[in-house]
Structures are given as structure tokens and as C-alpha cells.
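# Structural description and commentary
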Amino acid sequence: MDEILQHLVNAMVLGATYALLGIGLTIIFGIMRVVNFAHGELYTLGAYAAYGLVALLEVDFFTSILIAATIGLLVGAVIEYVFLRKKDLNNIDEVMLIMIGIMIVMQNLELLVWGGVAKIVPSPFSQGAIDFGVVSLSPTRLFVFLTAVVLLVLFYVGIERTRFGLAIRATFQDQDAARIVGVNVSRIYTLTFALGSAMAAVAGALLAPIFVATPMMGDLASLKAFAIVILGGLGNLGGAALGGFLLAFIEEFGAGYISSAYRDAFGFIVIILVMLFRPQGLFSAKERVG
């Protein structure tokens with residue numbers, strides 16, 4: 001029982017950051033219908049931003065997370081404004097090629113700037129574990145979990161309780177109707193892409209002290225983000241959050257009770273099953289066409 005509780009706590013920590021990663025991708029797809037293949041590279045950007053700020057410039061770790069989020073926000077806004085603003089987003093092939101190109105360029109720039117050796121981000125917390133009864137958790141992981149949960153709550157409040165969130169939801173439901181009532185859809189596109197990018201960068205910065213930063217880390221992050229979106233249902237924000245936690249639970253318990261060598265494979269096996277038997281996602285209702 002103690003072992004089960006420990007796996008449960010570990011899955012909750014990882015699931016919170018997965019939820020950030022998945023929601024960032026979902027909000028972009030849900031509003032713009034853009035499959036953001038560069039999402040994993042924005043995650044990598046956040047991790048390297050944290051490394052550069054903390055390890056090289058000796059910036060406070062907590063401040064580095066805010067700066068990493070800002071960098072992700074700005075880079076996302078630039079990507080949308082420069083590469084997508086004047087494109088026909090309904091032309092899926094063209095948009096897909098653009099995003100794949102951006103992914104390749106960002107990955108090679110990271111390799112050029114930082115090299116191929118993994119970078120370790122110093123943690124401001126002690127390495128000892130904190131005991132909570134029968135389970136234990138490192139201070140770094142506890143901070144990551146609490147920060148991710150706070151960000152998820154702020155995101156929910158922002159979407160549900162603010163005029164900006166109302167504009168996003170209106171654009172999400174019907175872009176033509178949103179334009180009629182005065183919503184600047186182009187601006188919403190830019191802000192949405194920037195917000196989704198910032199969430200990916202924050203996830204990378206938060207996990208950087210736990211894992212290591214490498215130029216290729218975005219590949220697996222992208223795959224997991226798409227897996228989360230598929231689990232939750234395309235365009236379903238709440239489903240993306242639940243999908244992030246579900247994927248973390250599958251990975252953690254699969255690694256703990258079957259084999260840690262196949263940790264990443266377990267989640268994708270479930271994705272294949274979901275695609276076969278419930279292609280609309282676990283948390284989305286079927287839609288009637290026509």
C-alpha cells in the first residue's frame with residue numbers, strides 16, 4: 001500500500017506538468033486548428049532558458065521561471081505573427097510544413113548554441129526528501145507540483161472569469177459570430193499561440209532541475225503532448241488536463257509494476273487503444289455531423 005501511495009504522488013507531480021504541456025497544445029489547436037509540431041521545441045526553449053539564466057547568469061531560479069515564460073510568450077507571438085498571420089490556416093498541408101520547418105530550425109539552433117551535451121539546471125532546494133507519512137517527496141518535485149497546480153488554476157480562472165477568456169471561448173465556439181460581436185480574431189490568434197507557447201516553456205523550465213536539458217528533449221515532449229491531446233479529445237481543455245494526469249499515472253504505474261525500461265511505451269500503447277476504440281478521446285462526447 002505504501003508503494004502504491006508513493007507511485008500515486010509521483011504521478012501527480014508529473015501529471016501536473018503534463019497537463020500544462022497538453023493544455024498549451026490543445027488551446028492552439030482548438031482555436032486556430034493548427035497542429036503545432038514546434039510545441040516540444042518551446043518546451044526545450046524553456047528548459048534551456050532556465051539553464052542559461054540560473055547556471056550561467058546566476059539569476060534566481062524562481063525568477064528564471066518567469067523569464068522563461070516571457071521568452072516562450074514572445075517567441076510564440078513572433079511565430080504566429082510572422083509565419084501564420086497571413087496564411088490560410090485551412091490549408092493543412094502548408095501550415096503543417098511551416099510548423100515542421102520551425103521545429104527543425106529551433107532544434108538545430110539549440111544544438112548550435114548549447115551543444116549536444118546534456119545540461120543540468122541547479123536546484124535551489126536541498127536534495128533530501130520530505131516525508132509525508134508513508135510517502136516522501138523531494139522539495140524540488142513538491143515545488144514543481146504546487147507551481148503547476150497554481151498555473152492550472154490561474155489558467156482556468158483566466159479562461160472562465162475574464163473578458164479575454166470570454167473572447168477566447170467565443171472564438172473557440174464560432175469565429176464568425178465572434179467577429180460579428182467585435183472580437184479581434186487575429187489578435188486572439190496571436191495571444192492564444194503566445195499563451196500556449198508560454199505554458200510549454202514553463203513546463204520545460206519547471207522540469208529542468210529534475211531532468212536534464214538536451215536539444216532532442218522536445219521530440220518526446222511533443223509526442224507526449226499529442227498523446228495527451230488525443231486522450232482528452234481534440235480541442236477539449238478540461239480533457240487535456242485530465243489526459244495529462246492520466247498519461248502520468250499510466251507511465252508511473254507501468255514503470256513501477258511492469259518495467260521502467262518501457263516507461264514511455266505504456267502511454268502510447270494506451271493511445272493506440274484509444275484511437276482504435278474511442279477516436280474522439282476519452283473525455284469528449286461524440287458529435288453528430290450534418
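Here the residue index of a chain counts from 1 through its sequence in written order. Restriction of local features to residues with pLDDT of at least 70 applies here, the model being predicted, together with a cutoff of 80 or more for giving and counting side-chain atom pairs; totals for whole chains, interfaces and linings are based on all residues. Computation of side-chain values: all heavy atoms of the structure, hydrogens and water removed.

Strands here are runs of E lasting at least two residues and helices are runs of H or I lasting at least four, both read from the DSSP assignment and numbered beginning at the N terminus. The secondary structure content of the protein amounts to eleven helices and two strands. Ordering the α and β elements of the protein from the N terminus gives α-α-α-α-β-β-α-α-α-α-α-α-α. Taken over C-alpha atoms, the radius of gyration is set against a globule rule of 2.2 Å times the number of residues to the power 0.38. Relative to the compact-globule value of 19 Å for 290 residues, the protein shows a C-alpha radius of gyration of 19 Å, a close match. With respect to the three principal axes, the spread of C-alpha positions in the protein is 55 × 45 × 35 Å. Exposure classes here rest on a 1.4 Å probe applied to the protein chains alone. A residue is buried below 20% of its type maximum, exposed above 50%, and partly exposed in between. Looking at the protein as a whole, 47% of its 290 residues qualify as buried. Between two residues, a contact is recorded if the distance between any of their heavy atoms is within 4.5 Å. Sequence-distant contacts in the protein: of pairs separated by 6 or more residues, those separated by 24 or more amount to 77%. Surface exposure of the protein reaches about 14300 Å², of which carbon and sulfur atoms provide 67%. Charge convention: Lys and Arg are scored as positive, Asp and Glu as negative, and His as well as the terminal groups of each chain are ignored. By convention, charge coordinates are those of NZ in Lys, CZ in Arg, CG in Asp, or CD in Glu. Looking at charge distribution, the protein has the averaged site of its 16 positive side-chain charges lying 10 Å from that of its 19 negative ones. Values of accessible area rely on a 1.4 Å probe in the Shrake-Rupley scheme; residue burial ignores everything except the protein chains shown.

What follows deals with the side chain of K119. By the secondary structure assignment, K119 is in the loop between α4 (92-114) and β1 (130-132). No salt bridge is formed by the buried K119, whose closest oppositely charged neighbour, E110, lies at an N-O distance of 13 Å. Pairs of N or O atoms are called polar contacts if they sit within 3.5 Å, as long as, within protein, a hydrogen donor faces a hydrogen acceptor (for residues adjacent in sequence, only side-chain-to-side-chain pairs). A distance of 3.5 Å separates a polar atom in the side chain of K119 from the backbone oxygen of W114. Apart from the residues within four sequence positions on either side, K119 is in contact with Y48, Y51, W114, V212 and A213. What counts as a salt bridge is simple: a side-chain nitrogen of Lys or Arg found within 4 Å of a carboxyl oxygen of Asp or Glu.

Where a protein is soluble and globular, its nonpolar side chains tend to be buried together. Residues L20, M32, V34, Y43, L84, M99 and L206 are the most contacted members of the largest nonpolar core, which totals 67 residues. What L84 contacts, discounting residues up to four positions off in sequence, is M32, V34, I79, L89, V95, I98, M99 and F193. Formed by nine residues, the second largest nonpolar core is a distinct cluster that contains I228, L231, L247 and V274. Take the buried Ala, Val, Leu, Ile, Met, Phe, Trp, Tyr and Cys residues and link them wherever side-chain atoms come within 4.5 Å; each set so joined is a nonpolar core.

Moving on, we come to the packing of aromatic side chains. Aromatic rings from Phe, Tyr and Trp, taking only the six-membered ring of Trp, are treated as a pair when their centres fall within 6.5 Å; an angle between ring planes under 30 degrees marks them as stacked, one over 60 as edge-to-face, and anything in between as tilted. All told, the structure shown has ten aromatic pairs when counted by the stated rule. Ring geometry for Y48 against W114: centres 5.2 Å apart, planes inclined by 5°, an arrangement best described as stacked. Of the two residues, Y48 sits in helix α2 (residues 39-56) while W114 sits in helix α4, which places them 66 residues apart along the sequence. With a relative accessible area of 23%, W114 lands in the partly exposed category. Where Y51 meets W114, the ring centres are 5.6 Å apart and the plane angle is 80°; that geometry is what we call edge-to-face. One end of the pair, Y51, is in helix α2; the other, W114, is in helix α4, with 63 residues separating them in the sequence. The exposure class assigned to Y51 is buried, which follows from its relative accessible area of 12%.

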